[in-house]
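Close look at the chain arrangement
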Amino acid sequence: MKAWAALCGAASVALGGCFSAPTPLAPGLAGSVGMPNSGVQTDALELPVRGKGFERYRPEGRNHWGRPRLVQALTRIAAEIDDELPGGKLVIGDLAARHGGRIPGHASHRSGRDVDLLFYTTTPAGAPLPSPGFVRFEADGLALVPDSNSYVRLDVARVWLLVKKLVTAPEVGVQFLFVSRAVEARVSDYARARGEPLELVYQAQTVMLQPGDSLPHDDHLHLRIACSPEETIAGCSGGGPYWEWLPPLPSNQLESQALLEAIAADEPLAPLEVAPPIEPVAEPGSLPVARGAD
């Protein structure tokens, strides 16, 4: 049993398996545990209802808990954008439940590493405009607001500044920015036209992806951050590729060695080889012993 607990704990670190929640059997698991679509979290930080340059989409919502580094980066970046391009406001949707797990309307958002960010918007003439909510932007950069039967324009300048600050923030570690191909093209074209460094544009284009197994994300950005090296040791697992420009992850050699030592010190996981039975010897004058009678 002890060996299985050690094996399962190691599998949770490496594969996000075995444990559906932090458990006394694996006290080292904490923070973002498991995968974005099958994980939980501990020690989460709640996003404030509003702050400089941002507000929550659902002020009274309960699913605004995430990794502290993610929440702190969002509030900092929103304030910086407000300083550099005053007039806009970042509207932030769901993160995760306080302790993670499934939340309504999402297949992921379970381990504190996902957040929905509504697009900055302007009037068709270019004046900053409060976000009308989840409206779908077409290839021309315009979106119809159904309730008012009017149009808003994608605020490409602020959206690019948001993407740029997320990608270059060392504490964030962007794994994905799920977004439609049409929006990604407009943002990338804007960055290239501004003469942004090609390496930065390449990284932004790499993480911006239209998902193939869900809606195209033409009405918001879905940010997913990668596991940090420290989170990986504590049970965070995958959810996509780990890009070469992110901090190197720790080797699993130490964990594997510790697992082998724990198994070696415990009861064997497989039955030991049993020696062949000893043929009974009948006493002189007694009846033969029936083999297999016991």
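See the structure shown above.
A brief structural summary. Model, not experiment: these values are computed from the prediction. (Residues numbered from 1 in each chain as written. Predicted model: local features only at pLDDT ≥ 70, side-chain atom pairs only at ≥ 80, totals over all residues. Heavy atoms only, no water.)

Here two bridges tie strand β9 (residues 121-122) to strand β12 (residues 150-154), and the two strands are oriented antiparallel to one another. Bridge pairing in β12 places Thr-122 opposite Arg-153. Here strand β11 (residues 142-145) pairs with β12 via four bridges, running antiparallel. What sits directly across from Leu-142, in β12, is Arg-153. Here β11 folds back onto β12 in antiparallel fashion, the turn holding four residues, of which Asn-149 has a positive phi close to 55°. (Pairing = 2+ DSSP bridges. Helix = DSSP H or I, 4+ residues; strand = E, 2+ residues; numbered from the N terminus.)

Right, let's talk about unusual backbone geometry for a bit. Although it is not a glycine, Asp-43 sits at a positive phi angle of roughly 55°. Mapped onto the elements, Asp-43 comes out in the loop between β2 (40-41) and β3 (45-46).

With that settled, consider the packing of aromatic side chains. In this structure the tally under the stated criterion is six aromatic pairs. Geometrically, the ring pair formed by Tyr-202 and Trp-245 is edge-to-face, given 6.2 Å between the ring centres and 75° between the ring planes. With Tyr-202 in helix α5 (residues 198-207) and Trp-245 in the loop between α6 (229-233) and α7 (253-265), the pair connects residues that are 43 residues apart, well separated along the chain. Relative to Trp-245, the ring of Trp-243 has its centre 5.7 Å away and its plane inclined at 10°; by these criteria the two rings are stacked. Trp-245 sits in the partly exposed class, given a relative accessible area of 25%. Among the aromatic residues, those joined into a cluster by ring pairs are Phe-176, Phe-178, Tyr-202, Trp-243 and Trp-245. (Phe/Tyr/Trp six-rings, centres within 6.5 Å; stacked < 30°, edge-to-face > 60°. Buried < 20%, exposed > 50% of the residue type's maximum accessible area, 1.4 Å probe, protein only.)

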